[in-house]
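Chain by chain, the residues:
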Amino acid sequence: MITETIKKAGLAAVLAGTFLAGNTLFAQKELTVDMSETIAPIQPTMYGIFFEDINFAADGGLYAEMIKNRSFEFTIPMMGWSQPNSDRHSYNNESGYALPVKYFEGEGNLNFLRVQVKNAEGYELHNEGFRGMGIKEGDTYRFTFDAKQMAGAVSAVKAELLDEEGNTIAEASIPVSGSEWSNYKAEIVPNKTVMKGSLKLTFEGTGELGLDMISLFPTDTWNGRENGLRKDLVQLLYDLDPGFLRFPGGCIVEGRTLARRYQWKKTVGPVDERPSLVNRWNTEFDHRLTPDYYQSFGLGFFEYFQLSEDLGAEPLPILSCGIVCQFNTGELVPMDELGPYVQDALDLIEFANGSTDTPWGKVRADMGHPEPFNMKYIGVGNEQWGPEYIERYKVFNKAISEKYPEIIIVSGSGPFPDGDYFEYGMKELKEMGAEIIDEHYYRSPEWFRENATRYDSYDRNGPKIFAGEYAAQSVAIASPDNKNNWETALSEAAFMTGLERNAEVVQLTSYAPLMAHAEGWQWTPDMIWFNNLESYGTPNYYVQKLYSTNKGTDLISVTQNGEDLVGQDELYASATLDSEAKEVVLKVVNTSSEAQEIQLNFKGKSIKNKGKVIVLKEENLTQENSFDAQEAISPSTEEIKVKGDSASYEVAPYSLNIIRIPVK
Ligand code: AHR
């Protein structure tokens, strides 16, 4: 049947005396949406979030602390700090000088800063923030620090926030006294908004002052928490309505050496006692060196659980299985020394779920959360491969399932969606009855479009799948030239019909990485971009959001001539029922450059005479969102009319369409 579109296009072509070279004209499609039986429940966890501290996603990003190296714990203890009026090779009699001092060797808060003020008029100590500090006019900022007088009489610390030109835009003077460590606080309200502000400290009196944990937070964090999270970034996450929050990564779990792996126990308890650690992404890529990238762990496991709770998402922590990132050193813990690693996993379950009488349950309670976090999942290893992984996984699997049979263990199939590592891992994990296997794919947009049928052949009685990290790469995996453009997002949308159509098997999915600082990133593409003041969702973000907020509750079939729509004429489709909203929800993706006419025939239930279509479309496949055009690609909503059991709809070129129609 020739559609109006074809007729118009054909007529236009004839009138113009040309033909539509390179373009395809499509016949109208009849899609049957069968509501008579449901195929599988859509798991509430189906669309979730993968969080990793990469690209300044935690320190310098989600974690709202504005001071870089607040506790002088970086390998170079004064990194991020400067003393513009001091000279390392002079006595600085006209100003002064500060040096890091070690409290003790070991772990935790090792260093403090001894400031020698020789001339209060001359001495200044500055912190540059994370690529500057985003400061907002009229907002309140909480400045805190620990101090002790060591010699002489330094009697006050003056804190000033500076704009890019060095002008003062907020200030407070805080008296200090006593030779014991005390904590000091002031609230300051700037009179100007700046993207790259900084902190300047000056002093009253002369002498020596010890300083530590110099911290600056906006008071307006998510849920107003001290040690809180950046509100705009959490809001973007909240708006995704995520089914789970996977944390803390990613390769960061594994580390580049065992000594530098992520150890959750070091990220809980009092914030100032959490030892800092170099971030494994700091020098990973020569093209994006970030030597000042550390983990303060102010955003630690307690805060991740709390965030999961805030978002209504299942917490899904991933732990080291005793193998370092195999793209790096691949360092292994000997099998007979795996005990502490396994114990970390068992203790984490106690920390999350144990009663307040248990040692780790008590730690949680002491941190302000006596109620359990009701953790249901735990991941063992991130992106490991080979026999080394399988033999270690078996040890964890046995120990966890013996002690906590109710906990669902997530295993990994390695970094690639096919090939030797993948085949081997899947075979072994299946044989041992793994519950959920994590798959990762960072592939081309074409790969995503061509793999909408990937899960059609997966065993319905085998392990469930966690598509734990995926993103279409416009150039090549982790290329610094990759873009979050519409082609990548649309290709992911097409692929995601295949995830949803296979909801019997695929039960958790997440795009990765999640966030990137516009100046502090190492890896692109990323779902959310931010600078010190603003943040926006990419087209890929909106695809994720539309799927997640329209997931429905039960999978149903949508077919054309009895077949799934998996790319025929560049159309893809999946359908669900939403038993809560009492609506049928259809997703149609058109990856062609032509509009396509579809007729929808609904059977099995009666539907109301109108519904809505949420459309994400863009004719230019290279279009991106940006700080200047944050919603260049963003959803719009239109109405769809229904006649009896049918509706006609023209699917725009290059579009994702969510069609929601109430069921009678
Ligand atoms: O998402 C970025 C990285 O990609 C993750 O840390 C790792 O798991 C994968 O290789």
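Above this text sits the structure in question.
Now for a look at the structure at hand.

The rules behind each value
- The residue numbering used here restarts from 1 in each chain and proceeds along that chain's sequence as written.
- Side-chain atom pairs in this predicted model are given and counted only at pLDDT of 80 or more, local residue features only at pLDDT of at least 70, and totals for whole chains, interfaces and linings cover all residues.
- The basis for every side-chain value is the complete set of heavy atoms in the structure, and neither hydrogens nor water enter the calculation.
- Numbering of helices and strands runs from the N terminus; a helix is a DSSP stretch of H or I covering at least four residues, while a strand is a stretch of E covering at least two.
- The term polar contact refers here to a pair of N or O atoms within 3.5 Å; inside protein, the definition further demands a hydrogen-donor-capable atom paired with an acceptor-capable atom, and it admits residues adjacent in sequence only when both atoms are side-chain atoms.
- What makes two residues a contact is simply this: any of their non-hydrogen atoms within 4.5 Å.
- Lining residues are defined by having an atom within 4 Å of a point belonging to a cavity or pocket. Those points lie on a 1 Å grid over the protein atoms alone, cavities being sets where a 1.4 Å probe fits but cannot get out and pockets being open sets with protein on both sides within 12 Å along at least five of seven lines.
- Grid points are joined across faces, edges and corners, and a volume is the space filled by probe spheres set on the points.
- Near is defined per residue: the residue qualifies when any heavy atom it owns lies within 4 Å of the molecule or strand.
- The accessible surface values rely on the Shrake-Rupley method and a 1.4 Å probe; as for residues, cover is taken only from the protein chains in view.
- Where helices are involved, their axes are fitted lines through C-alpha atoms of the stretch in contact, as for all axes, and angles between N-to-C directions lie from 0 to 180°.
- Roughly parallel means an angle under 35 degrees; roughly antiparallel means over 145; roughly perpendicular covers 65 to 115; every other angle is labelled oblique.
- Take the far helix as your reference; a near helix turned counterclockwise from it by less than a right angle gives a left-handed crossing, and one turned clockwise gives a right-handed crossing.
- Polar here means any residue outside two lists: the nonpolar Ala, Val, Leu, Ile, Met, Phe, Trp, Tyr, Cys and Pro, and the charged Asp, Glu, Lys and Arg; Gly therefore counts as polar.
- For a helix, the expected span equals 1.5 Å multiplied by the residue count minus one.
- Here's how the labels work: a residue is buried when its accessible area is under 20% of the maximum for its type, exposed when over 50%, partly exposed in between, all with a 1.4 Å probe on protein chains only.
- Side-chain atoms within 4.5 Å are what join buried Ala, Val, Leu, Ile, Met, Phe, Trp, Tyr and Cys residues into a set we call a nonpolar core.

1. Section: the side chain of serine 413
Take serine 413: it is sitting in the loop between strand E20 (408-412) and helix H7 (420-431). Here the side chain of serine 413 touches aspartate 438 through a polar contact of 2.7 Å, landing on its backbone oxygen. Apart from the residues within four sequence positions on either side, serine 413 is in contact with Gln384, Tyr421, Phe422, Met426, Ile437, Asp438 and Glu439.

2. Notes on empty space enclosed by the protein
In this structure the tally under the stated criterion is six cavities of 30 Å³ or more. Of the volumes computed, that of the largest cavity is approximately 190 Å³. Along the wall of the largest cavity there are 23 residues; nearest its centre are Asn69, Arg70, Phe74, Ser276 and Ser296.

3. With respect to the site of the ligand
Around the ligand, the neighbouring residues are Glu52, Gly250, Cys251, Trp281, Asn382, Glu383, His440, Tyr442, Glu469, Pro513 and Trp523. A distance of 2.8 Å separates an oxygen atom of the ligand from a polar atom in the backbone of cysteine 251. A distance of 2.7 Å is found between an oxygen atom of the ligand and a side-chain nitrogen or oxygen belonging to glutamate 383. Its free accessible area being 280 Å², the ligand has 96% of it covered by the protein chains.

4. Considering the packing of helix H9 (residues 486-501) against helix H10 (residues 539-549)
Running from N to C, H9 and H10 cross one another at 25°; their axes reach a closest spacing of 8 Å. Between H9 and H10, the angle falls in the class roughly parallel. For the pair H9 and H10, the crossing hand works out as right-handed. Every residue of H10 that contacts H9 at Trp486, Thr488, Ala489, Glu492, Ala493, Met496, Thr497 and Glu500 is listed here: Pro539, Asn540, Val543, Gln544 and Tyr547. The residue makeup of the contact of H9 with H10, split by class, is seven nonpolar, four polar and two charged.

5. Here we look at helix H6 (residues 387-403)
Relative to the 24 Å expected for 17 residues at 1.5 Å per residue, H6 spans 25 Å between its end C-alpha atoms, a close match to the ideal helical length. Where H6 is buried, its residues touch helix H4 (339-353), strand E19 (377-380), E20 and H7.

6. Some words on unusual backbone geometry
Here the residue pair phenylalanine 247 and proline 248 is connected by a cis peptide bond, since its omega of 0° sits within 30 degrees of zero. Within the fold, proline 248 resides in the loop between strand E15 (244-247) and strand E16 (277-278). Of note, the bond from glycine 249 into glycine 250 is cis; its omega dihedral lies within 30 degrees of zero at 10°. You can see glycine 250 is positioned in the loop between E15 and E16. Backbone geometry at methionine 213 places phi at a positive 45°, although glycine is not the residue there. Relative to the elements of secondary structure, methionine 213 occurs in strand E14 (residues 207-218). The buried category is assigned to methionine 213, whose relative accessible area is 12%. Of note, asparagine 561 is a non-glycine position whose phi angle comes to about 50°, a positive value. Position of asparagine 561 among the secondary structure elements: in the loop between strand E27 (554-560) and strand E28 (563-564). Note on asparagine 561: relative accessible area 72%, which makes it exposed.

7. What about the nonpolar core?
Ranked by size, the top nonpolar core spans 122 residues in total, and within it Phe51, Phe301, Ile378, Ile400, Leu499 and Met515 carry the most contacts. The residues touching isoleucine 400, leaving out its near neighbours within four places in the chain, are Ala345, Leu346, Ile349, Ile378, Val380, Pro405, Ile407 and Ile409. Counting 37 residues, the second-largest nonpolar core is a separate cluster that includes Ile67, Ala159, Ala170 and Ala186.

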